[in-house]
Amino acid sequence: MRYKRADIDSLNLSDEHFISLFIGNEDYIIEAVKSQSIFNPNVWKKTFNKSLTRNIVRADIIHTYLGLALALKSYSRSQKVQVLEFAGLQGYDERSKLLSIHLKELWSQLQHTRLKRVDIALDYEKIPNRVLKALQANREPFKWFNSTYYKTVKEKKRNYYINVVAYDKALKDNLSEPMERLEFSFSGAFFKDMYLKDLPKAIEKMEKAIKKKIGVTVKINPIFSHA
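Conventions adopted
- Residues numbered from 1 in each chain as written.
- Predicted model: local features only at pLDDT ≥ 70, side-chain atom pairs only at ≥ 80, totals over all residues.
- Heavy atoms only, no water.
- Core = buried A, V, L, I, M, F, W, Y, C linked by side-chain atoms within 4.5 Å.
- Buried < 20%, exposed > 50% of the residue type's maximum accessible area, 1.4 Å probe, protein only.
- Helix = DSSP H or I, 4+ residues; strand = E, 2+ residues; numbered from the N terminus.
- Contact = heavy atoms within 4.5 Å.
- Polar contact = N/O pair within 3.5 Å; in protein donor to acceptor, adjacent residues only side chain to side chain.
- Pairing = 2+ DSSP bridges.

Caption draft 1: Highlighting the nonpolar core. Formed by 52 residues in total, the largest nonpolar core has its most connected members in Leu11, Leu115, Ile120, Leu122, Leu182 and Phe186. The element contributing the most residues to this core is helix 6 (residues 199-214), with seven residues. The residues contacting Phe186, other than those within four sequence positions of it, are Lys116, Arg117, Val118, Asp119, Ile120, Tyr161, Ile162, Phe191, Met206, Ala209 and Ile210. Within the second largest apolar cluster, nine residues are counted, among which are Leu52, Ala59, Ala69 and Ala71.

Next comes the structure, spelled out in structure tokens:
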């Protein structure tokens, strides 16, 4: 059977006690960016190339011994819950390799944290027209700068289950070879009460959802070979 390989590019996990993994550990430095008494949005913007949204009530940057910066944040809707972000696992650069190494080191300690968001990347030299045509059967393309978002009629800014975007990956990351990326972003509502330990089951569910939307059988690679 022919199928398209895909990769987990971003993994967001949620828990009430993430900060305890890093406090008092010499491998980490915690930099507070937003709290009741601190507000340094420019630091966040410079580090992650995105703005601190108003619904983020607490934000910390976790600096690791590998030179990585991880985003740790809490939202206004559930202020006791912290979200830890591993973004850019499939970036074709040294940072992505180091991020995978570090995630692997933490893997056993994260098993009982909730799946908050998972981004699945399908990379092509050029996204096939038949794939885009299938997406547009029930979604409208909306172009914003160098990205094209595919939204249903009922959606506005965000879908709390699945968001779909296509963009020129080579242009974005200055790659030497042409590459376009079709990205499916699965949010917490899609996973319901799934934890990191349930990732194999979540992968099966995501593969089925992607096939339903583009008519292509997809096999999602493990983040690393021994996860």
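Back to the text.
Caption draft 2: Quick peek at unusual backbone geometry. At Asn49, a position not held by glycine, the phi torsion is positive, near 60°. Structurally, Asn49 can be placed in the loop between helix 1 (41-48) and strand 3 (56-64). A positive phi is found at Lys192, a non-glycine position, where the angle reads about 55°. For Lys192, the position within the fold is in the loop between helix 5 (188-191) and helix 6.

Caption draft 3: Fine view of the side chain of Ser96. Note that Ser96 resides in helix 2 (residues 94-106). For Ser96, the side chain forms a polar contact with the main-chain oxygen of Gly88, separated by 2.6 Å. With residues up to four places along the chain from it excluded, the contact list for Ser96 reads Gly88, Leu89, Gln90 and Gly91.

Caption draft 4: Spatial organisation of the environment of Lys116. Along the chain, Lys116 turns up in strand 6 (residues 114-124). We classify Lys116 as partly exposed; its relative accessible area is 34%. Here the alpha-carbon distance between Lys116 and Leu13, two residues 103 residues apart in the chain, equals 5.0 Å. Leave out the neighbours within four places in its chain, and Lys116 touches Asn12, Leu13, Ser14, Val83, Phe186, Ser187 and Gly188.

Caption draft 5: The arrangement of the pairing of strand 6 in detail. With eight of eleven residues buried, strand 6 lies mostly within the body of the structure. Strand direction decides the pairing type here: strand 1 (residues 4-15) and strand 6, joined by seven bridges, are antiparallel. Bridge assignment links Asp7 to a residue of strand 6, and that residue is Ala121. Both strand 6 and strand 10 (residues 180-187) contribute to a ladder of eight bridges, which runs antiparallel. Across the sheet, residue Arg117 finds its bridge partner in strand 10, namely Ser187.

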